[in-house]
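# Structural characterization, general
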Amino acid sequence: MKKKFAIIGAGIAGLTLANLIKKKTEHKFMLYERQESLSLDQGYGIQLSTNSTKILNILGFSKLNSEKIFHPKSVDFYDIQNKKICELDLSRFNTKENKYTTLQRSTLIEFLKDDIYTEHLRFGKSIKEVSEIKGKILLKFDDNTNDLVDIVVGADGIFSNTRSFFEKKKNEPKFQKAIAIRKILTSKSELKIDEEKISIIMGKNCHLVVYPINKKKELNLVCIIRDKKYDPNNIKYLIDQVGKQNSIFGKILNQDLKSWPLYSTSKIYPSTNNKVFYIGDAFNGFLPTLAQGAGQSIESAYELFNLIKKDSQADIQNIYFKTRLKRAEIVKRRSKINFFIFHFSSSIMQLIRNFFMKFLIKRKSFIKSYLGTVYKN
Ligand SMILES: Cc1cc2nc3c(=O)[nH]c(=O)nc-3n(C[C@H](O)[C@H](O)[C@H](O)COP(=O)(O)OP(=O)(O)OC[C@H]3O[C@@H](n4cnc5c(N)ncnc54)[C@H](O)[C@@H]3O)c2cc1C
């Protein structure tokens, strides 16, 4: 039976689900976005491991202009003095069709919006009120329009407002006492790194990640710095702390920066309404230290799509929550471990960490269980 869906939020999760419904089912849907346009912020890179590129390829991602993406073959780990510690081969997780991919977030959003934009996307929409009428959900928006639907999908990010309308217990995102700073490096940087790889540079209370986002040799740089509270006026001081460890970073991070506080979800709560689902960061927001936020948004959309495409009488809500929770817990644990070990302040701990990293990275069985389970290798 054809159903009608309202997807709230046109980020990576909402747009992926919209594409899957549009291209692979007969269901009807509308995507409601609070902003007046899609956020196509140029300066924001994203890494997609094979678990997500495999799903995007169902939607034709492999046909994307290859100049706009990059396939880094490995991750180089450095200490803050730019001394290489070890290297992780990423190509072992690749297949001919599905490859680890880096790109600008805007490139991914442009790709996902193509088939949805005109007919299925409404901007400037925020829910004002919800009610249930004869087994359906009536959504009223603050511009006095409404929609009567069978299923509501909350894809409105880590601070999901959809949850406030349907749940007593909301996921409470927690500030992780760290901030992220981003920048695009356009010219050949002074860093002694291989610009065709992903570089992770670990310092005291901070780490930097640099990777190519297209074939034009543009690099995305993100620096995560620990700080007890987020104060935009304190950024200069924090950058100075990084600069003291390596003056080149101090220089690079000096201008054209964007910064924001890092939040993640501490406890994941299920939906209490069997007509309401949560995907992407609205289900669970992760720390960025395993680069899986977008990947898990895509996966969660695909898991839900697989359950709704069949006209089954099964308890979809329960199946979806259990499967997603299991996956989210795996990613959450590893993101937390990485967050912990990337930032050691004591030099003894850094030496011990570097020793274990060199040792473990060569162990195929360890890499398979630590990353293979995430990348679905
Ligand atoms: C520093 C940093 C680096 C990252 N790097 C990576 C990476 O390399 N790889 C990776 O996979 N992930 C990365 N991520 C995470 C990734 O960006 C997110 O996890 C992902 O974008 C979440 O997608 P989403 O669609 O669930 O939510 P969002 O992208 O937050 O989209 C939610 C959408 O809903 C809209 N919205 C919000 N409220 C409402 C409302 N009330 N009504 C209607 N619409 C609403 C918003 O405007 C937005 O368009 C990173 C995150 C950070 C912070």
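Structural notes, computed from the coordinates.

Parameters at a glance
Residues numbered from 1 in each chain as written. Predicted model: local features only at pLDDT ≥ 70, side-chain atom pairs only at ≥ 80, totals over all residues. Pairing = 2+ DSSP bridges. Helix = DSSP H or I, 4+ residues; strand = E, 2+ residues; numbered from the N terminus. Axes fitted to C-alpha atoms, helices over the stretch in contact; angles between N-to-C directions. Near = placed C-beta within 6 Å. Nonpolar A, V, L, I, M, F, W, Y, C, P; charged D, E, K, R; others polar. Buried ≥ 20, exposed ≤ 12 C-beta atoms within 10 Å, placed from the backbone. Contact = placed C-beta atoms within 7 Å. Arc of directions from axis to C-beta.

## Considerations on the sheet that holds strand β13 (residues 173-185)
On the basis of which strands lie adjacent, the open sheet formed by seven strands has the order β6-β5-β14-β15-β16-β13-β17 and mixed pairing. Strands at the two margins of the open sheet, each flanked by one partner only, are β6 (84-89) and β17 (258-265). Between one strand axis and the next, the sheet turns through 20° on average, direction left out of account. Sheet analysis places strand β14 (residues 198-203) next to strand β15 (residues 206-212), joined by five bridges and oriented antiparallel.

## Side note on the site of the ligand
Of all residues adjacent to the ligand, which total 32 residues, the nearest are Gly9, Gly11, Gly157, Gly280 and Gly293. Mapped by element, the contributors of at least two residues to the shell around the ligand are α1 (12-24), β3 (45-48) and α8 (293-308). In terms of residues, the shell around the ligand owes the most to one element, α8, which gives four residues. By residue class, the composition of the shell around the ligand is 14 nonpolar, 13 polar and five charged.

## Some words on the environment of Ile127
Checked against the element boundaries, Ile127 lands in strand β9 (residues 127-133). Note on Ile127: 23 C-beta atoms within 10 Å, which makes it buried. With 28 residues separating them in the primary sequence, Ile127 and Ala155 have C-alpha atoms 13 Å apart. Ignoring anything within four residues of it in the chain, the contact list for Ile127 reads Ile8, Leu139, Phe141, Asn161, Thr162 and Phe165.

## Digging into the pairing of β9
For β9 and strand β10 (residues 136-141), the ladder comprises six bridges, and the chain directions are antiparallel. Bridging across to β10, Ile127 finds its partner in Phe141. The turn linking β9 back onto β10 is made up of two residues, and Lys134 within it adopts a positive phi angle of 45°.

## Some remarks on helix α6 (residues 235-245)
One full turn of an α-helix is made of 3.6 residues, so residues set three or four places apart face in the same direction. Considered for burial, the residues of α6 that qualify are Leu238, Ile239 and Val242. Down the axis, α6 shows its buried residues gathered within 100° of arc, on one side only. Residues of α6 that are exposed and point more than 90 degrees away from the buried face comprise Lys236, Tyr237 and Asp240. Of the surrounding secondary structure, the elements contacted by the buried residues of α6 are β13, β14, β15, β16 (219-226) and α7 (247-252).

## Some thoughts on unusual backbone geometry
The backbone of Asn205 sits at a positive phi, close to 55°, despite the residue not being glycine. Here Asn205 shows up in the loop between β14 and β15. Exposure remark for Asn205: the 17 C-beta atoms within 10 Å place this residue in the partly exposed category. Of note in this structure, Ala291 is not a glycine but carries a positive phi near 50°. Tracing the chain through its elements places Ala291 in the loop between β18 (276-278) and α8.

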